[in-house]
Amino acid sequence: MEYQGYFICLISLLKILLEIEGCTGPGGISTSSTPEKDWWQVSQFYQIYPRSFKDSNGDGIGDLKGIISKLSYLKEIGVNATWLSPIYVSPMADFGYDIANFFDIQPEYGSLEDFDELIKEANKLGLKIIMDFVPNHSSDENVWFQKSVNREKGYEDYYVWHDGYVDENGQRQPPSNWLQAFRGSAWEWNEKRQQYYLHQFAVKQPDLNYRNPDVVAQMKRVLTYWLDRGVAGFRVDAVPWMFEVLPNATTGLYPDEPLSGLYPDDPLNFDYLSHIYTQDQPETIDMVYQWRQLLDDYQRIHGGETRVLMIETWSNINEVMKLYGNRTRQGAQIPFNFQFIAGGHADLDNTDLGADGFVNIIGKWMDNMPAGKTANWVMGNHDRSRVGTRYGDKRIDLMNMLQMFLPGASVTYMGEEIGMIDTPLSWEESVDPAACNADPETYDQFSRDPERTPFQWSTEANAGFSTNESTWLPVNPYYLVTNVETERAKPKSHLNVYKQMSELRQTRTLQYGSLKYGNVGENILAIKRSLPGEKTYILLANVSGHAKTVDVTDVIKASGKFKVKIVNIISNRKEGYEISLDNVYLSGNEAIIVESI
């Protein structure tokens, strides 16, 4: 009997402890025991292409003071951090991605003092600044390259140089058949040095040699320099290109890359070859891990919040996932998830992508992401057509809803929140090297100019971007309808849907909740976010142009009463309207978010 009393007391004690811990049933715990997430895990990131964001001095080019003047707008729409496309000193052959000085600001954008002011003003608003780090190459006008051309001591092997070879006709040829991203050979002969240098992008963008420890150390100094100036992390450009295979030990030549089978009639096209020797080499992953260690060490020494590493990579999903880290080393917190950009139809025209296509895109990332890592969702950027062009103008709100409803970090390219679309440009108006290296008949297949045109602030001249008579790229003619000023004033607008989603992202359900998603047939997409003790939210979207009535209870395992919380501009529903999940009517292209009652 005495032992029985002890047993009863033990059971009572366990019940008390379970109540304190907040157990809610098999496998469930209350939010009281949910560990808090780091700032970047639930953040809304916003990409600014500085040249096109806001011109402060009337020269037709965006600048740092223009960004400072619009920081309050970023705060208004719920942004936590913004990353700036390159603002370093550059001859602008690739509009900032050809860097002549990694330690200073391009004069037409401002000065280091302006940059420091940007950091200061952003901090006042609780905004973080992310710097674009371009490690693969520099400009040929960089002093490092000039010293390397002259074979100055310590710089002889700063870049990838090679003699090439002499063919049977006595003609000197490049070391391999490698192609650059902007068409044509990736090798360029330098008359002064009497060698070829590698440039996997434009001729004026020679590749740095990461097999040289001095280069690795130099680029780490670049990172530390900008950390000292107050940046919260880096978006890292063109990571897969950083290493190439070594030359053959016997012949001294680099191996030719095999044909891809694509574009058989266009041997200058980058995709003519399979880039098995110039991309995704094992050393690239290790370099990312080294950078992460540098950022973590910096925080440990200097304090402050986590510095974040965001990686641009278009590699296959298995290579991308390696960037997160392994069992012993940490990698990037945010290897960019480009599935919504690169996925869907083969031609990337997703205006008629079915609900199953959306499910496949979401699953591609969630099913491959290592346990314990944080997802991220990138819908667009400065290198690919705008969301409204790729997915259609009737899906603009849906894409913003998805981006901010799915778990993890969201990354918005400037202008997507107001529904900007690509701007058609003539051959004469084109300035992008990817377009200019083509021809008047094919340039528009390669040009990135249409998604880079000036931000549309208002109905004023040049969309309120600049007071100059002309701008570096033409303003989209639809700016009179699609602009911040007009959309702010309209209760139903892309901008206001975006702001509503920003507010919803602050809920614990969206920050900590579980994910369940699926499709009903080809047309209905359903996504559930739930968390014990909190409201459940469900996104429902009809991706067809025809009205549908469906039962979504089984596909997302949900039941009970729900009411409308947020709708796209196409929907006629009002907030608070009750719906039944077993009999949901959705008009063509309607997207709504409902919350549990």
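All values reported here derive from a predicted model rather than from experimental measurement. (Residues numbered from 1 in each chain as written. Predicted model: local features only at pLDDT ≥ 70, side-chain atom pairs only at ≥ 80, totals over all residues. Heavy atoms only, no water.)

Bringing the packing of helix 6 (residues 213-228) against helix 7 (residues 282-302) into the picture now. At their nearest, the axes of helix 6 and helix 7 sit 11 Å apart, and the two run at 35° to each other. The interaxial crossing formed by helix 6 with helix 7 has right-handed handedness. Touching Val216, Lys220, Leu223, Thr224, Leu227 and Asp228 of helix 6 are Met287, Gln290, Trp291, Leu294, Leu295 and Tyr298, all from helix 7. Split into classes, the residues belonging to the contact of helix 6 with helix 7 amount to 8 nonpolar, 2 polar and 2 charged. (Axes fitted to C-alpha atoms, helices over the stretch in contact; angles between N-to-C directions. Helix = DSSP H or I, 4+ residues; strand = E, 2+ residues; numbered from the N terminus. Left-handed = near helix turned anticlockwise from the far one by under 90°. Contact = heavy atoms within 4.5 Å. Nonpolar A, V, L, I, M, F, W, Y, C, P; charged D, E, K, R; others polar.)

So, about the UniProt feature "domain: Glycosyl hydrolase family 13 catalytic" (unreviewed entry) in the protein. Mapped onto the present numbering, the UniProt feature "domain: Glycosyl hydrolase family 13 catalytic" (unreviewed entry) falls at residues 47-452. Along residues 47-452, the helical share is 27% and the strand share 13%, with 12 Å between the first and last C-alpha atoms. (UniProt positions renumbered as here; feature names shortened; annotations may be inferred.)

Turning our attention to the packing of aromatic side chains. Counted according to the given criterion, the structure contains 40 aromatic pairs. Seen in terms of ring centroids, Tyr88 and Phe102 are 5.9 Å apart; in terms of plane orientation they differ by 55°. Their pairing is tilted. One end of the pair, Tyr88, is in strand 5 (residues 88-89); the other, Phe102, is in strand 6 (residues 101-105), and 14 residues separate them in sequence. The class of Tyr88 is buried, set by a relative accessible area of 1%. (Phe/Tyr/Trp six-rings, centres within 6.5 Å; stacked < 30°, edge-to-face > 60°. Buried < 20%, exposed > 50% of the residue type's maximum accessible area, 1.4 Å probe, protein only.)

Another point: the sheet that holds strand 22 (residues 561-567). Taken in spatial order, the 6 strands line up as 18-19-20-25-22-23 in an open sheet, and their pairing is antiparallel. A strand with exactly one partner marks an edge of an open sheet, and here the two such strands are strand 18 (514-520) and strand 23 (578-580). Shown here is a sheet whose adjacent strand axes are inclined to one another by a mean of 30°, direction ignored. Sheet contacts for helix 12 (residues 396-405): strand 19 (524-530), strand 20 (537-542), strand 22 and strand 25 (591-596); angle to strand 20, the most-contacted strand, approximately 150°. With respect to the sheet, helix 15 (residues 494-504) is in contact with strand 20, strand 22 and strand 25, its orientation differing from that of strand 22 by roughly 130°. (Pairing = 2+ DSSP bridges.)

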